[in-house]
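Examination of the molecular architecture
Chain by chain, the residues run as shown.
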Amino acid sequence: MRSALRTILRLVGLLVPSVLVPGVLFPAAAGADNPIVQTIYTADPAPLVHNGRVYLYTGHDEDGSTYFTMRDWRVYSSSDLANWTDHGSPMSLATFAWADANAWAGHVAHRNGRFYWYVPVRDRATGSMAIGVGVADSPTGPFRDAIGRPLVNNNEIDPNVFIDDNGQAYLYWGNPRLWYVRLNPDMISYSGSPTQIPLTTAGFGTRTGNPNRPTLYEEGPWVFKRNGLYYNVFAAECCSEFIGYSTAPSATGPWTYRGTIMPRQGGSFTNHAGIIDFNGGSYFFYHNGALPGGGGYTRSVAVEKFTYNADGTFPTINMTTAGPPQIGTLDPFVRQEAETTAWASGVETEPAAEGGMNVGFVENGDYLKVKGVAFGDGASSFTARVASATSGGRIELRLGSATGTLVGTCTVSGTGGWQTWSSVTCPVSGATGTRDLYLRFAGGSGYLLNLDWWRFTPSGGSGGELLTNGSMENGTTGWTTSGGTLSAADVAHAGSRSLLNSGRTAAWNGPHQNVTARLTNGRTYTTSVWVRSQSGTPSAKATLTITANGATSYLQLTPARAVGADGWTELTGTATVSWTGTLTNASFYVETVAGTDGLYVDDASFR
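It should be emphasised that the depicted structure is a prediction, and the values quoted were computed from it without experimental measurement. (Residues numbered from 1 in each chain as written. Predicted model: local features only at pLDDT ≥ 70, side-chain atom pairs only at ≥ 80, totals over all residues. Heavy atoms only, no water.)

**A word on the side chain of Thr215**
Relative to the helices and strands, Thr215 resides in the loop between helix 2 (201-204) and strand 17 (217-226). A distance of 3.4 Å separates the side chain of Thr215 from the backbone nitrogen of Tyr217, its partner in a polar contact. Excluding residues within four positions of it along the chain, Thr215 makes contact with Leu199, Thr200, Thr201, Phe204, Gly205 and Arg207. (Helix = DSSP H or I, 4+ residues; strand = E, 2+ residues; numbered from the N terminus. Polar contact = N/O pair within 3.5 Å; in protein donor to acceptor, adjacent residues only side chain to side chain. Contact = heavy atoms within 4.5 Å.)

And the structure:
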């Protein structure tokens with residue numbers, strides 16, 4: 001049955017342009033990107049930048065909660081800070097056999113090639129709150145209990161991990177007190193004993209009217225370093241909380257209170273901050289009660305972009321429904337996961353039998369918004385991976401709003417089961433430029449269909465897409481390598497997978513795909529492929545090798561560009577392909593100008 005949240009949100013998203021209720025902002029679906037998640041209530045954001053993406057780790061408030069009823073944690077990710085991919089729940093209370101309740105605010109750190117998720121849970125044996133550690137080899141999990149017992153247990157909460165420039169890692173936590181301990185390099189043990197940080201009014205501000213808690217510090221520390229200065233951002237003076245901060249010359253203090261960052265706002269009596277730098281900008285994550293039915297126990301995570309003051313202090317940051325500007329655009333001509341959205345109305349997500357997540361529980365009038373879709377000169381068709389245990393429905397492709405210009409309609413028939421998947425394709429006309437795309441679902445009563453992924457086919461002189469599995473979401477399907485080892489990797493530019501070509505022994509070694517049967521003599525093709533190195537900064541390029549009448553030639557499809565290990569670089573170019581005689585082989589591949597650094601390749605298009 002549809003949850004109360006989805007039912008109310010669907011009605012509000014469709015019928016109410018913008019409603020401001022005292023203490024709660026109901027965002028307009030067509031213009032809003034905050035809160036980030038609309039399918040469930042989320043809280044306590046912990047963002048992490050890794051391999052050119054932002055991974056957002058959250059708690060999960062159960063629908064209708066009248067306390068902090070939380071049983072699992074969730075993961076989302078984005079490369080553009082507008083469209084977020086739902087990776088589901090890779091960790092829950094069941095991960096910790098010794099815990100029995102309270103999957104509360106955690107934090108994730110990356111080290112030793114692994115991801116460590118520090119979380120407060122209730123210790124079954126003692127009944128007190130303790131800090132556990134989950135560990136995974138991927139930022140999206142699954143996570144397992146790293147040590148099989150609490151890391152620390154002093155009945156306090158809200159862990160945060162900071163790794164200093166010298167490699168020393170610190171674990172901070174606490175409510176009502178504030179603690180730290182020096183973690184060992186293994187990240188699952190510590191040296192010495194936990195140290196209590198003095199909560200002085202000079203260090204954490206003055207609270208009035210509560211002699212038991214004379215400072216503003218409440219909970220939720222977030223410690224980081226910027227330009228040699230240490231910052232401790234925290235939830236201040238419940239209830240309701242605002243976000244304040246202190247600074248120090250070292251990771252252990254002494255701290256000096258600096259003031260308010262985010263005032264008391266948003267319909268939730270708690271708040272919880274997370275701060276990152278990404279793609280040249282600074283971002284402030286928090287939670288509020290902005291979704292319909294939201295409040296202190298049914299919260300939602302949101303984000304704002306900000307700029308530090310010239311002296312390194314924080315500006316005042318207010319909650320908005322707009323959220324930050326999108327970074328770049330979304331490519332509709334590669335596979336896009338259905339659960340990658342800027343806004344979702346009425347639907348839910350669930351694990352898909354074919355891997356990852358799918359959008360489900362779809363009813364008439366529900367929709368998905370995808371922001372900043374770059375159609376360029378246009379699209380000729382739309383393909384979707386769908387399933388239906390009923391008679392199906394329709395996917396309306398609209399621009400600008402859920403009732404905007406209709407550019408195509410795909411009819412979905414029953415497939416025999418909610419996880420029995422089939423692909424459908426329909427024609428598209430009028431989708432050009434960069435627009436917000438709405439996938440609106442229509443049909444009879446009850447649940448209509450599930451949606452796993454979608455992709456457009458471009459129109460125009462370059463013809464259709466020549467590459468199979470250009471999104472790399474199906475692993476190495478369609479791809480081979482001219483040297484080294486080719487494998488699927490979770491370091492993704494978009495979606496959840498890329499290809500890694502490791503063990504290269506020559507510059508021309510790289511992922512390649514035969515396109516002989518699909519190539520047209522004399523036609524101009526456009527290439528786009530995203531590349532990053534495993535290490536080093538080699539120059540990479542896309543190349544087409546052509547063999548005709550026994551002679552082999554090489555056509556450079558893109559200019560060579562330096563690629564690095566800390567982010568993705570797009571190789572793009574246009575080239576006319578021609579040959580004389582009978583074509584016997586044509587292969588698209590990615591290579592380097594020199595060197596044998598391992599290469600990650602993702603979202604390749606040759607059309």
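Still to come is the rest of the account.
**Describing the sheet that holds strand 16 (residues 190-196)**
Taken together, the four strands give an open sheet; going across it, the order is 13-14-15-16, and neighbouring strands pair in antiparallel fashion. Two strands in the sheet have a free side with no partner beyond their single neighbour: strand 13 (160-163) and strand 16. Direction aside, the axes of adjacent strands within the sheet are offset by 20° on average. Bridge analysis of strand 15 (residues 179-183) against strand 16 gives four bridges, and the strand direction is antiparallel. Residue pairing for strand 16: Leu183 is matched across the bridge by Tyr190. (Pairing = 2+ DSSP bridges. Axes fitted to C-alpha atoms, helices over the stretch in contact; angles between N-to-C directions.)

**Some remarks on the environment of Ser79**
Along the chain, Ser79 turns up in the loop between strand 5 (70-78) and strand 6 (84-86). The exposure class of Ser79 is partly exposed, given its relative accessible area of 26%. When sequence neighbours within four positions are dropped, the list of residues in contact with Ser79 reads Gly52, Arg53, Phe278, Ile327 and His493. (Buried < 20%, exposed > 50% of the residue type's maximum accessible area, 1.4 Å probe, protein only.)

**Section: the state of the cysteines**
Summed over all chains, the structure comprises two disulfides. Between the sulfur atoms of Cys238 and its disulfide partner Cys239 the distance amounts to 1.5 Å. On the sign convention where negative is left-handed, the bridge of Cys238 and Cys239, at about 55° about the S-S bond, is right-handed. Overall, the relative accessible area of 26% leaves Cys238 in the partly exposed class. (Disulfide = S-S within 2.5 Å.)

**Details of the packing of aromatic side chains**
In this structure the tally under the stated criterion is 41 aromatic pairs. A centroid spacing of 6.3 Å and a plane angle of 85° characterise the contact between Trp73 and Phe96, whose relative ring orientation is edge-to-face. Here Trp73 is found in strand 5, whereas its partner Phe96 is found in the loop between strand 7 (91-92) and strand 8 (99-101), with 23 residues between them in sequence. Its relative accessible area of 1% is what places Phe96 among the buried residues. Ring centres of Phe306 and Tyr308 lie 4.9 Å apart, and the angle between their planes is 65°; this geometry places the pair in the edge-to-face category. When its relative accessible area of 9% is taken as the criterion, Tyr308 is described as buried. A network of ring pairs unites the aromatic residues Tyr57, Trp73, Phe96, Trp98, Trp117 and Phe143 as a single cluster. Geometry around Tyr308 places Arg226 over its ring, the cationic atom sitting 3.8 Å from the centre. (Phe/Tyr/Trp six-rings, centres within 6.5 Å; stacked < 30°, edge-to-face > 60°. Lys NZ or Arg CZ within 6 Å of the ring centre and 35° of its normal.)

**Let's talk about the pairing of strand 31 (residues 393-399)**
Burial analysis of strand 31 places six of its seven residues in the buried class, which makes it a mostly covered element. Of the pairings in the sheet, the one linking strand 31 to strand 32 (residues 405-412) comprises seven bridges and is antiparallel in character. Opposite Ile395, over in strand 32, you have Cys410 as the bridge partner. The antiparallel hairpin formed by strand 31 and strand 32 contains five residues in its connecting segment, where Gly400 sits at a positive phi of about 90°. The pairing of strand 31 with strand 34 (residues 434-442) spans six bridges and is classified as antiparallel. Looking at strand 34, one finds that Leu397 is bridged to Leu439.

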